[in-house]
Amino acid sequence: MGAEQVLVITGTRKGIGRYLSEYYLEQGWTVAGCSREESDLRHDRYVHYCLDVADEAGVKQMMFDLQKRFGGVGGLLNNAGIASMNHILLTPLTTVQRIFNTNVIGTFLFCREAAKLMQRARYGRIVNFATVATPLNLEGESIYAASKAAVESLTRVLARELAPLGITVNAVGPTPVQTDLIRSVPQAKMQSLLARQAINRFGVMRDISNVTDFFLRRESDFVTGQVLYLGGV
Amino acid sequence: MRTGAAMLEKPSVLELIYATIDEVNQTRPPDRQVQKRPETALFGSASILDSLGLVNVIVGVEQRIAEQFGIAVTLADEKAMSQRNSPFRTIDTLADYVLSLANA
């Protein structure tokens, strides 16, 4: 098995990350997942690391271990993310720091450390996770949308910086998918959000893996710095 | 930042940097090869490396330290990027800098 078939996915314990892990295991990838807590996913091609994505030492150690085990990595899905809905006047600073730590610093650290491994093979596929909340400027999601706006900027700039190393960097911007992330959002709020999409339905997991499939393909070597929103946003 | 407990010495660090230079040189034209000597400039006007070339050397050295000595160091930390006398000036200063981090 070559390092090119090793896929790092962050936030794999539940939700979209769990789905993507199982999906890419089925496709024959070796998956290296991580989350703050243990995972109950068991597969002979799955390895799990317990870490906080914003912990530099932990991320470096994970990549160091993957280099030793597999000789590198071929893909990275920066899925780990948290959200919090609140009016700006009621948003505690600690919430802002928590969201930026996971969504921005976590994405940055994984991009940097994975790219260090990928550049030796002059090959890599990085997919970051954006959101339709950014282009829709959703009220109540200022910090989440701002953190993902930062992820979009990172994606576009890293695409240029890493292009000479054979690494593409793109992002998928999902619509709401029925996971824990939106569990506490009121129903009426969700319906008005869906109404702003060209296609008015919740996203499903397969919508996301359809896009990550495209970005991960070897043939997508001329596609970089793109943010692809789902649902016609 | 470091994790691990191996003690590094200068000759082995220089050897490791030269191995990285060998790898980097494979992607460079014959008349733009980086010379494997302690006094070779890596950074600044005297260097034949462009910014991406320097990035390749630094990342390559980081990775080799991790592989060969089991030590996770970050060479491009805030201190290194702000030092008036950059530790990336020459192969020799880079070797000293690696030793100072790895044996801290």
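Please read all numbers here as calculations on a predicted model, not as lab measurements.

## With respect to the overall build of chain B
Argument step 1. Across its full length, chain B holds 4 helices and 0 strands.
Argument step 2. Going from the N terminus to the C terminus, chain B shows its helices and strands as α-α-α-α.
Argument step 3. Taken over C-alpha atoms, the radius of gyration comes to 13 Å for chain B, in line with the 13 Å a tight globule of 104 residues would show.
Argument step 4. Taken along its principal axes, the extent of the C-alpha atoms in chain B is 40 × 30 × 20 Å.
Argument step 5. Within chain B, buried positions represent 30% of all 104 residues.
Argument step 6. Looking at chain B alone, contacts between residues at least 24 apart form 72% of all its contacts between residues at least 6 apart.

## Focus on the interface of chain A and chain B
Argument step 1. Opposite the 10 residues of chain A that make contact, chain B presents 9 residues.
Argument step 2. Of all the elements in the fold, those that place two or more residues in the side of chain A that touches chain B are helix H2 (56–70) and helix H3 (93–121) of chain A.
Argument step 3. Ranked by residue count, the leading element in the side of chain A that touches chain B is H2 of chain A, at 6 residues.

## Here we look at the confidence of the model for chain B
All names here are of chain B.
Argument step 1. Here chain B averages 88 in pLDDT, and 93% of its residues register 70 or above.
Argument step 2. Ranking the elements of chain B by mean pLDDT puts helix H3 (residues 78–82) last, at 76, and helix H1 (residues 10–25) first, at 95.
Argument step 3. Here the predicted complex carries an ipTM of 0.77, next to a pTM of 0.90.

## Here we look at the pairing of strand E6 (residues 167–173) of chain A
Residues and elements named next belong to chain A.
Argument step 1. In terms of burial, E6 is largely enclosed, as 7 of its 7 residues are buried.
Argument step 2. In E6, alternate side chains face the same way, and those of Ile 167, Val 169, Ala 171 and Gly 173 on one face and Thr 168, Asn 170 and Val 172 on the other are all buried.
Argument step 3. Across 6 bridges, strand E5 (residues 124–129) lies against E6 in parallel orientation. What sits directly across from Arg 125, in E6, is Thr 168.

## So, the environment of Ile 48 of chain B
Residues and elements named next belong to chain B.
Argument step 1. Tracing the sequence through the fold places Ile 48 in the loop between H1 and helix H2 (51–69).
Argument step 2. Between the C-alpha atoms of Ile 48 and Ala 95, which are 47 residues apart in sequence, the distance is 19 Å.
Argument step 3. Discounting chain neighbours no more than four positions away, the residues touching Ile 48 are Arg 32 and Val 34.

## A few points about the nonpolar core
For soluble globular proteins, the rule of thumb is that nonpolar side chains tend to be buried together.
Residues and elements named next belong to chain A.
Argument step 1. The biggest cluster of nonpolar side chains holds 70 residues, and the ones touching the most others in it are Val 73 and Ala 114.
Argument step 2. Counting residues per element, this core draws most heavily on H3, at 9 residues.
Argument step 3. Non-local contacts of Ala 114, meaning those with residues more than four positions away in its chain, are made with Val 8, Met 63, Val 73, Leu 76, Gly 124 and Ile 126.

## Structural notes on the sheet that holds strand E3 (residues 46–50) of chain A
All names here are of chain A.
Argument step 1. Taken in spatial order, the 7 strands of this open sheet run E3-E2-E1-E4-E5-E6-E7, and their pairing is parallel. Edge positions in the sheet fall to E3 and strand E7 (227–229), since each of these pairs with one other strand and no more. Put simply, the sheet's adjacent strands are angled 15° from each other on average, direction ignored.
Argument step 2. Two elements, strand E2 (residues 30–35) and E3, share 5 bridges in a ladder whose sense is parallel. Across the sheet, Gly 33 pairs through a bridge with His 48, a residue of E3.
Argument step 3. Packed onto the sheet, helix H7 (residues 205–216) meets strand E4 (75–78), E5, E6 and E7 and runs at close to 150° relative to E5.

## A word on H2 of chain B
Argument step 1. For H2 of chain B, with 19 residues, the first-to-last C-alpha span of 27 Å sits near the 27 Å given by 1.5 Å per residue.
Argument step 2. Those residues of H2 of chain B lying buried are Asn 56, Val 57, Ile 58, Val 59, Gly 60, Val 61, Glu 62, Gln 63, Ile 65, Ala 66 and Phe 69 of chain B.
Argument step 3. Looking at the buried positions of H2 of chain B, the neighbouring elements they touch are H2 and H3 of chain A together with H1 and helix H4 (91–102) of chain B.
Argument step 4. Downstream of H2 of chain B by one or two residues, Gly 70 of chain B has phi in the positive range, about 65°.

## Overview of unusual backbone geometry
Argument step 1. The residue Arg 122 of chain A is not glycine, and still its phi comes out positive at about 55°.
Argument step 2. When you line up the elements, Arg 122 of chain A lands in the loop between H3 and E5.

## Brief notes about H1 of chain B
Side chains that are three or four residues apart share a direction in an α-helix, a result of its 3.6 residues per turn.
Residue and element names in this part refer to chain B.
Argument step 1. Between the first and last C-alpha of H1 there are 22 Å, a value that for 16 residues agrees with the 22 Å anticipated at 1.5 Å per step.
Argument step 2. What H1 keeps buried is the set Val 13, Leu 16, Ile 17, Thr 20 and Ile 21. One side of H1 holds all its buried residues, which, seen down the axis, span an arc of 145°.

## Thoughts on the packing of helix H1 (residues 15–26) of chain A against H7 of chain A
All names here are of chain A.
Argument step 1. Here H1 crosses H7 at 60°, and the two axes come no closer than 10 Å. By the angle between their directions, the pair H1 and H7 is classed as oblique. When the axes of H1 and H7 are compared, the crossing they make is right-handed. Mapping the contact onto sequence places Ile 16, Tyr 19, Leu 20 and Tyr 23 in H1 and Met 205, Ile 208, Ser 209 and Thr 212 in H7.

Calculation criteria
Residues numbered from 1 in each chain as written. Chains lettered and ligands numbered in written order. Predicted model: local features only at pLDDT ≥ 70, side-chain atom pairs only at ≥ 80, totals over all residues. Helix = DSSP H or I, 4+ residues; strand = E, 2+ residues; numbered from the N terminus. Rg over C-alpha atoms; globule rule 2.2 N^0.38 Å. Buried ≥ 20, exposed ≤ 12 C-beta atoms within 10 Å, placed from the backbone. Contact = placed C-beta atoms within 7 Å. pLDDT = per-residue confidence, 0-100. Pairing = 2+ DSSP bridges. Core = buried A, V, L, I, M, F, W, Y, C linked by C-beta atoms within 7 Å. Axes fitted to C-alpha atoms, helices over the stretch in contact; angles between N-to-C directions. Expected span 1.5 Å × (residues − 1). Arc of directions from axis to C-beta. Parallel < 35°, antiparallel > 145°, perpendicular 65-115°, else oblique. Left-handed = near helix turned anticlockwise from the far one by under 90°.

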